[in-house]
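Fold and geometry: a report
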Amino acid sequence: MGDHTHDPFMGDISDMIEQEFQLREAQKQRPLQEQERKSLRLEALICYRQTLIDLQTQMWKDEKKAQLRSANIAFQKQLLQLKRMHGRLKVKSTAQQEEEKRKEREKKLKLYVTARDVCFSKRKEGVFDEEALQLTQQLLSSNPDFSTLWNYRREILMHLETVREEDDVQKIYESELSFVERCLRQNPKSYGSWHHRGWVSARLPRPDWARELSLCDRCLSLDERNFHCWDYRRVVVRMSGVAVDQELRFTDRLIGSNFSNYSSWHYRSTLLPLLHPESPEPPSPTPQPAKASPPPSPQTNNHRVCEEQLLKEYELVQNAFFTDPNDQSAWFYYRWLLGRAEREEMISCVYVSREVERVAVCFSKPVHARAVGLMLVLDGQPQRVEWRSVHPRLRHSPVWVCDLPPSTISDIGNEHNLTVHWTEKHTRRDCALYSGRTQSWCRDSATDQELFRSELSVEKTSVLQSELQSCNQLQELEPLNKWCLLTIILLMRALDPLGYEKETLAHFQTLKEVDSMRSAYYSDLCSKFMIENTILKMEYAEVRVFSISDKKLSTLCHLDQLLLVTHINLSSNELERLPPQFCMLQCLEVLEADNNSIEDLEGVYQLPKLEEISLKNNKISKMEDLAPLASCPKLRRLDLRGNPVTQMANFLSDISELLPSVTELLL
Amino acid sequence: MGTQMKDVVIKPDAPNALILDKHADYIAAYGSKRDDYEYTLSEYLRMSGIYWGLTVMDLMSQLPRMNCEEITEFIKSCQHECGGISASIGHDPHLLYTLSAVQILTLYDNVQAVDVDKVVEYIKALQQEDGSFAGDKWGEIDTRFSFCAVATLALLGKLDAIDVNKAIEFVLSCMNFDGGFGCRPGSESHAGQIYCCTGFLSLTGQLHRVNADLLGWWLCERQLPSGGLNGRPEKLPDVCYSWWVLASLKIIGRIHWIDKAKLRAFILACQDEETGGFADRPGDMVDPFHTLFGVAGLSLLGEEQVKPVNPVLCMPEDVLRRIGLEPDLLN
Ligand SMILES: [Zn+2]
């Protein structure tokens, strides 16, 4: 936004912070240790921040904004003349003004309709001449979204290509580019103009990509968030082979002069994995030419950034959020940097029950088992089994079950060996069911500990520790900054989720207060972290009991991790439902969920071993809410005290009809 | 210090009650301004304009006030030899208007008014080698067009006509570091685009591939202190973005992450009490586009005076029930 180079304050912010740091470094007069360097940097940042405040940054920022705003208003006024749907201020006017306007519009309408009709009829007659170019130019200048006219222009240009000399064609296309540039100046957000520019540039006999790149530079200096222009820039970069590191330096420059630039941070997230991939493949400095398969996305597994670069990025982001802690762009980027890679695709657990004659398989991600080539081999024999998701509403699920043919494994004296193959991923998991045993499982325990942690290597814990230290420093200066609080929570989780549990809960409490509009988000996120912690504790204790009561849980997640759990206690939380995913708890025998607000039991469905349910003091109010329980064959004890449903007429006879297996009913 | 947030202030005298009658009158009258300069300038999107108007009328149970025969005839005359449908007579066919036309005909339970097989052929021919869709024969690629293609085919019950797997891979390749989606691979996340991509993944049964917690966070951070939602960080709130964001949150099962009461107040404040209709922001000029998304947003927020709206197709739920279409939602 604007031209920063003439602004005494708006130099390169990154440079200014760097100078501050070097000043401190020079005072030491000796080489610095890594740790020392970091704390000096932090000092420099805090000092820089103080300087900013002292300079009453708010004042000049406001001034700057006011200037921008008035420039913007002038621009908007120009646009008012065009037919636009956004930001048109309603202005009251007198009857006389209305009448004048009406007349003017009538005149414009007549001109417009005449020109349009001439265009349409010429095109119908197959006329591709200069006059048509002129007419469409007039119309498109005032209405660049009239896409059919761009199409007509392209037809004319393609026709001229066949009848003119190459030099002539070059000239025609060059003047077309000038015309498009004028359109873009008037309306920089028209899809049609940008697409046409790309079309012309690609067709030019002697393309000039350098000029296109400089057009992008100019356009982005007027509006650094114009996504049409950013997209066009990516086309130009690809077509002309601009090096990735050159583009990265371009974002350095933009971010350096204004940290609050989400588009630039976004662009970085796409460039870094190309330039500094996590995998040891050599970096490719120039982009591949356009290819048929879509390019990688920064969200996918193998496109994370190598650790060394990651550390440099942390510094850049730190500069940003110390300069302006309320700017969300840097925080979003930081969360991505702190993120972990997806889990490896594998079968994480196989469970077999002799009694139920059923096999349950847990995958590291949701799949559709019938589509991924899942095969069960029992004692060397491939079995014809039907895989089904644990709940009909979950078409993709991490947990799938199948029933074995009757009496295949029911004899307790026999030993059996099972293998489940995931043929699509060339992976498998074996499981042995020894004689004398009623059940067995085999699972991947190595990942349990790291399951919910950051994927940064253990050696780099010190790095995260120092990141946490700087965020804590910032939080001291800005105790109610929500971005900083949330980031502290994420860092604590990456470092030591159990050790920091108390602080995490306290920070969530503050977050809900300072950002009450999003309190439900924070509740759900906090629930997720508490569930992760409880899973970790369960793993350490090597038990099959999952107990998480009185933790303000508002949602359930990671239920696939609870496949082997036999007893669950969810009492005294804020749950409103047991969702379909709940029936991933295939081994569950006892369910306690007293003192919640549960009104929906959809997930208590076909749980083969479930015997006892306690749902005291919930909000179950209708008979049909209890219907899923009828699919649990072993249910014998049900406690429904304190639920509205028990007050209904005929409740007792209805429930014994619905759940004949229940012998102990508490109302 | 700190970034000054871009937002609007809702004045104390801003409308705070829903004035449905006025909105219905506004839409009913809109089509009669045909000699209007501005109306003529918007001819290039007429088919979508009609879809906005009819859908909001149906949500308000006022569809019979619109001229069904005239509109059906108009749509028929906009279908081209290639099967595609254009915004208006004399304009070129495009996926955007093909979807709008099929949505309108679905409201009227009359898709047979156009040559359905040809529509399907048209869409099929626009799919590219990498699974993406061009908007028309001139080759502009955009995830909006991926959505248009599958939404049209889903309404026609013909999703199997295209290479769905390739189409899915393309859309997923547009996923960004923030969990959102852009126009093309590498493009910045944008609420309108996120709506198209989550809607696309819903219709193709692939919502489990969305990083719902991360995307949901980005989406709920679109809510500003005024209660309105913006479409990207550091932008002004807008009724239409309120819809794109809200519908996306509904699709990924996280609509409770925003403050519903504050959003409702913002949307209501965008009504024009004199003329009827909704504007993008309080005090701006109204138009049918923002009127639909204002009413549809209120419907998603649980407003009982209007019909329930489907978040994926932005059409009344009863219409989709009639044709047996139930797009997935995460829970
Ligand atoms: Zn809008």
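Residues numbered from 1 in each chain as written. Chains lettered and ligands numbered in written order. Predicted model: local features only at pLDDT ≥ 70, side-chain atom pairs only at ≥ 80, totals over all residues. Heavy atoms only, no water.

Digging into the overall build of chain B
Helix and strand content of chain B: 14 helices and four strands. Overall size of chain B, expressed as C-alpha extent along the three principal axes, is 55 × 45 × 35 Å. Put simply, chain B has 331 residues, and 69% of those count as buried. Total accessible area on chain B is roughly 10,900 Å²; 49% of this is exposed by carbon and sulfur atoms. Counting 28 positive and 45 negative side-chain charges, chain B places the centres of these two groups 2 Å from one another. (Helix = DSSP H or I, 4+ residues; strand = E, 2+ residues; numbered from the N terminus. Buried < 20%, exposed > 50% of the residue type's maximum accessible area, 1.4 Å probe, protein only. Areas by Shrake-Rupley, 256 points an atom, 1.4 Å probe, with all protein chains shown as cover. Lys, Arg positive; Asp, Glu negative; His and termini not counted. Charge placed at Lys NZ, Arg CZ, Asp CG, Glu CD.)

What about the sheet that holds strand β1 (residues 347–353) of chain A?
All names here are of chain A. Taken in spatial order, the five strands make up an open sheet running β5-β6-β2-β1-β9, and their pairing is antiparallel. Strand pairing shows two members of the sheet lacking a second neighbour, β5 (388–389) and β9 (439–443), which therefore form its edges. As paired elements, β1 and strand β2 (residues 358–367) share six bridges and run antiparallel to each other. Bridge pairing links Ser353 to Arg358 in β2. (Pairing = 2+ DSSP bridges.)

Quick look at the packing of aromatic side chains
Under the criterion given, the structure shown has 36 aromatic pairs over all chains. Plain terms: the ring middles of Phe321 of chain A and Tyr334 of chain A are 5.4 Å apart, the flat faces sit at 70 degrees to each other, and that makes the pair edge-to-face. Pair noted here: Phe321 of chain A is in helix α13 (residues 307–323) and Tyr334 of chain A is in helix α14 (residues 328–338), with a separation of 13 residues, a long-range link. Accessibility classification places Phe321 of chain A together with Tyr334 of chain A in one group, the buried group. Summarising the aromatic geometry, the rings of Phe332 of chain A and Trp217 of chain B are spaced 4.4 Å apart at their centres and angled 45 degrees between planes, so their arrangement reads as tilted. Placement of the pair is Phe332 of chain A in helix α14 and Trp217 of chain B in helix α10 (residues 212–220), with the two residues belonging to separate chains. With respect to class, Phe332 of chain A is no different from Trp217 of chain B; both count as buried. Joined through ring pairs, the aromatic side chains of Tyr262, Trp265, Phe332, Tyr333, Trp336 and Trp483 of chain A together with Phe177 and Trp217 of chain B make up one cluster. Taking NZ or CZ as reference, Arg222 of chain B lies 4.5 Å from the ring centre of Trp218 of chain B, over its face. (Phe/Tyr/Trp six-rings, centres within 6.5 Å; stacked < 30°, edge-to-face > 60°. Lys NZ or Arg CZ within 6 Å of the ring centre and 35° of its normal.)

What about a positive patch on the surface?
Taken together, Lys101, Arg105 and Lys108 of chain A together with Lys33 of chain B make up a surface patch of like positive charges. Relative to the helices and strands, Lys33 of chain B is located in the loop between α1 (20–30) and α2 (37–41). For Lys33 of chain B, a relative accessible area of 39% gives the class partly exposed. (Patch = residues over 30% accessible without salt bridge, like charges linked within 9 Å, V, L, I, M, F, W, Y side chains within 5 Å. Salt bridge = Lys/Arg side-chain N within 4 Å of Asp/Glu carboxyl O.)

Comments concerning the sheet that holds strand β14 (residues 637–639) of chain A
Residues and elements named next belong to chain A. The sheet built from six strands is open, its strands ordered β10-β11-β12-β13-β14-β15 with parallel pairing. Strands at the two margins of the open sheet, each flanked by one partner only, are β10 (545–547) and β15 (664–666). Adjacent strand axes in the sheet meet at a mean angle of 0 degrees when their direction is disregarded. Here strand β12 (residues 590–592) pairs with strand β13 (residues 612–614) via three bridges, running parallel. Bridge pairing links Val590 to Glu612 in β13. (Axes fitted to C-alpha atoms, helices over the stretch in contact; angles between N-to-C directions.)

Things to note about the confidence of the model for chain B
When pLDDT is averaged along chain B, the result is 96, and 98% of the positions lie at 70 or above. Under the prediction, the complex receives an ipTM of 0.96, its pTM being 0.91. (pLDDT = per-residue confidence, 0-100.)

Thoughts on the pattern of salt bridges
Residues and elements named next belong to chain A. In total, this model carries 66 salt bridges over all chains according to the counting rule given. In this structure, Glu212 engages Arg197 in a salt bridge whose closest nitrogen and oxygen atoms are separated by 2.7 Å. Taken together, the positions of Glu212 in helix α9 (residues 209–222) and Arg197 in helix α8 (residues 191–203) put the pair 15 residues apart, joining distant regions of the chain. Looking at Glu212, the relative accessible area reads 1%, which means it is buried. Accessibility expressed as a relative area gives 1% for Arg197, which makes it buried. The partner of Arg268 in a salt bridge is Asp252, and the shortest N-O contact between them spans 2.7 Å. In this pair, Arg268 sits in helix α12 (residues 262–275) while Asp252 sits in helix α11 (residues 244–257), placing the two residues 16 residues apart along the sequence. Here Arg268 falls in the buried class, since its relative accessible area comes to 3%. Exposure remark for Asp252: the relative accessible area of 35% places this residue in the partly exposed category.

Side note on the packing of helix α6 (residues 147–163) of chain A against α8 of chain A
All names here are of chain A. Contact pair α6 / α8: the axes reach a minimum separation of 11 Å and the direction vectors enclose 10 degrees. Looking at the two axes, α6 sits roughly parallel to α8. Relative to α8, α6 is oriented so that their crossing is right-handed. Of α8, the residues touching α6 (which contributes Trp150, Arg154, Leu157, Met158 and Glu161) are Gly192, Ser193, His195, His196, Trp199 and Arg203. Of the residues that constitute the contact of α6 with α8, the class distribution is four nonpolar, four polar and three charged. (Parallel < 35°, antiparallel > 145°, perpendicular 65-115°, else oblique. Left-handed = near helix turned anticlockwise from the far one by under 90°. Contact = heavy atoms within 4.5 Å. Nonpolar A, V, L, I, M, F, W, Y, C, P; charged D, E, K, R; others polar.)

Comments concerning the packing of α8 of chain A against α9 of chain A
Residue and element names in this part refer to chain A. One way to put it is that α8 packs onto α9 with a least axis distance of 11 Å and a crossing angle of 160 degrees. Relative to α9, the element α8 is oriented roughly antiparallel. Helix-helix and strand crossings are classified by hand; for α8 and α9 the assignment is left-handed. Taking contact as the criterion, the partners of Trp194, Arg197, Ser201 and Ala202 in α8 are, on α9, Trp209, Glu212, Leu215 and Cys219. When grouped by side-chain class, the residues that make up the contact of α8 with α9 number five nonpolar, one polar and two charged.

Details of the interface of chain A and chain B
Counting from both sides, the interface comprises 82 residues of chain A and, opposite them, 83 residues of chain B. Carbon and sulfur atoms make up 54% of the surface buried where chain A meets chain B, a total of about 7,400 Å² over both sides. Across the pair Lys528 of chain A and Asp213 of chain B runs a salt bridge, and its minimum N-O distance is 3.0 Å. Run the count over chain A and chain B and you get 30 residue pairs in polar contact (both at pLDDT 80 or more). No other element matches the eight residues that helix α4 (residues 95–124) of chain A contributes to the side of chain A that touches chain B. (Buried area = accessible area lost by both parts, 1.4 Å probe. Polar contact = N/O pair within 3.5 Å; in protein donor to acceptor, adjacent residues only side chain to side chain.)

Regarding a nonpolar patch on the surface
All names here are of chain A. On the surface, a nonpolar cluster with roughly 260 Å² of combined accessible area is contributed by Leu652, Leu665 and Leu667. Note on placement: Leu667 falls in the segment after β15. With relative accessibility at 43%, the residue Leu667 sits in the partly exposed group.

Here we look at the nonpolar core
Ranked by size, the top nonpolar core spans 265 residues in total, and within it Tyr334, Ile568, Phe582, Leu591, Val604 and Leu626 of chain A together with Trp243 of chain B carry the most contacts. Examining the composition of this core, we find that eleven residues originate from one element, helix α16 (residues 482–495) of chain A, more than from any other. Excluding residues that lie within four positions of it along the chain, Leu591 of chain A makes contacts with Ile568, Leu578, Phe582, Val604, Leu610, Glu612, Ile613 and Ser614 of chain A. If you look at the next biggest cluster of nonpolar residues, it comprises 23 residues, including Val350, Cys402, Leu404 and Leu418 of chain A. (Core = buried A, V, L, I, M, F, W, Y, C linked by side-chain atoms within 4.5 Å.)

Topic: the confidence of the model for chain A
Counting all residues, the mean pLDDT for chain A is 86, and 86% of those residues have values of 70 or more. Within the model, pLDDT remains below 50 along residues 1–10 of chain A, and this stretch shows 17 contacts once partners closer than five positions in the same chain are excluded.

Points about α13 of chain A
Helix length check: α13 of chain A (17 residues) gives 25 Å between terminal C-alpha atoms against 24 Å at 1.5 Å per residue, within 8%. The buried fraction of α13 of chain A amounts to twelve of the 17 residues, a majority that puts the element mostly inside the structure. (Expected span 1.5 Å × (residues − 1).)

Describing helix α1 (residues 13–28) of chain A
Residue and element names in this part refer to chain A. The terminal C-alpha atoms of α1 lie 24 Å apart, and with 16 residues this matches the ideal 22 Å at 1.5 Å per residue to within 8%. The set of residues buried in α1 consists of Ile13, Ser14, Ile17, Glu20, Phe21 and Arg24. Taken around the axis of α1, the buried residues stretch over an arc of 130 degrees, which confines them to a single face. Looking at α1, the residues exposed on the side facing more than 90 degrees away from the buried face are Gln19, Leu23 and Ala26. Phi turns positive one or two residues past the end of α1, at Gln29, with a value near 55 degrees. (Arc of directions from axis to C-beta.)

Points about the pairing of strand β8 (residues 427–433) of chain A
A large share of β8 of chain A lies buried, amounting to five of its seven residues. Between strand β7 (residues 416–422) of chain A and the antiparallel strand that follows it, β8 of chain A, lie four residues; His426 of chain A among them carries a positive phi value of about 50 degrees.

Here we look at the environment of Ser571 of chain A
Its location among the elements puts Ser571 of chain A in the loop between β11 (567–569) and β12. Distance from Ser571 of chain A to Leu272 of chain A, taken between C-alpha atoms, is 46 Å for residues 299 residues apart in sequence.

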